[in-house]
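These are the residues of each chain, in order.
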Amino acid sequence: MRKGRSYWSQEDRERHQRRSHYYEGPHTSHSSSGGRTREEVVTPPLPEHAAAGSPMAMSVDFKTYVDQACRAAEEFVNIYYETMDKRRRALTRLYLDKATLIWNGNVVSGLDALNNFFDTLPSSEFQVNMLDCQPVHEQATQSQTTVLVVTSGTVKFDGNKQHYFNQNFLLTAQSTPNNTVWKIASDCFRFQDWSSS
């Protein structure tokens, strides 16, 4: 995937590299050793919520949660669009079994239907120009840790003109004691071309 600009400052990148134990990047192997593939976004376990802690402890906990969710979102975007452009057959590994995709108003649900849909798309070249993310409040997701990821940019499908696009993902955390794997629960893609009149 080509990017229009970097989302991290040089200082953030250096701090991230020094603190590699805090965030585990993508895996370079396509093998399933350890049950992981390159098409997974894996982070350390999310922090426990401060039960009856002080407001300061709760705000530090929330800041850690937001920081980790944003790092996972950026890594997810890199993996998603690279996989879409270069290894599309593996794309459904990023989705939950019952995930729903809405593609320009057309609904596709479940992994088999997603596989069939992605097989019909021509080859693509995505360029992401904007990325935004934020945690979704637990009351809205029945206490399931969820992050909203919004991207926009341009895409050129083989044999078609370049289009502007907007895509929204709801990522949900599948947690184990050792790490957190983020999966797509919902995905909404839409071309954003303006009619010329």
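Criteria and cut-off values
- Residues numbered from 1 in each chain as written.
- Predicted model: local features only at pLDDT ≥ 70, side-chain atom pairs only at ≥ 80, totals over all residues.
- Heavy atoms only, no water.
- Pairing = 2+ DSSP bridges.
- Helix = DSSP H or I, 4+ residues; strand = E, 2+ residues; numbered from the N terminus.
- Core = buried A, V, L, I, M, F, W, Y, C linked by side-chain atoms within 4.5 Å.
- Buried < 20%, exposed > 50% of the residue type's maximum accessible area, 1.4 Å probe, protein only.
- Contact = heavy atoms within 4.5 Å.
- Phe/Tyr/Trp six-rings, centres within 6.5 Å; stacked < 30°, edge-to-face > 60°.

Asker: Residue-level account of the pairing of strand E8 (residues 180-191), with values.
Answerer: Relative to E8, strand E3 (residues 95-103) is paired through five bridges, and the arrangement is parallel. The residue of E8 that forms the bridge with Ile102 is Cys188. Sheet topology places strand E7 (residues 162-175) next to E8; 11 bridges connect them, and they run antiparallel. Within E8, the residue paired with Leu170 across the bridge is Ser186. If you look at the hairpin formed by E7 and E8, you'll find four residues sitting between the two strands.

Asker: Explain the nonpolar core residue by residue, including any values.
Answerer: If you look at the biggest cluster of nonpolar residues, it comprises 36 residues, and the most contacted ones within it are Phe76, Tyr80, Tyr95, Phe118 and Val149. Elements that contribute at least two residues to this core include exactly helix H2 (55-86), E3, helix H3 (111-120), strand E5 (124-136), strand E6 (146-157), E7 and E8. Per element, the largest residue contribution to this core is nine residues, and it comes from H2. Excluding residues within four positions of it along the chain, Tyr95 makes contact with Tyr80, Leu111, Leu114, Phe118, Lys183, Ile184 and Asp187.

Asker: Which residues make up the packing of aromatic side chains, and what values do they have?
Answerer: Summed over all chains, the structure comprises 18 aromatic pairs. On the basis of an interplanar angle of 80° and a centroid distance of 5.0 Å, the ring pair of Tyr80 and Tyr81 is categorised as edge-to-face. Residue Tyr80 shares its accessibility class with Tyr81, and that shared class is buried. The interplanar angle of 70° and the centroid separation of 6.5 Å between the aromatic rings of Tyr81 and Phe169 together place this pair among those described as edge-to-face.

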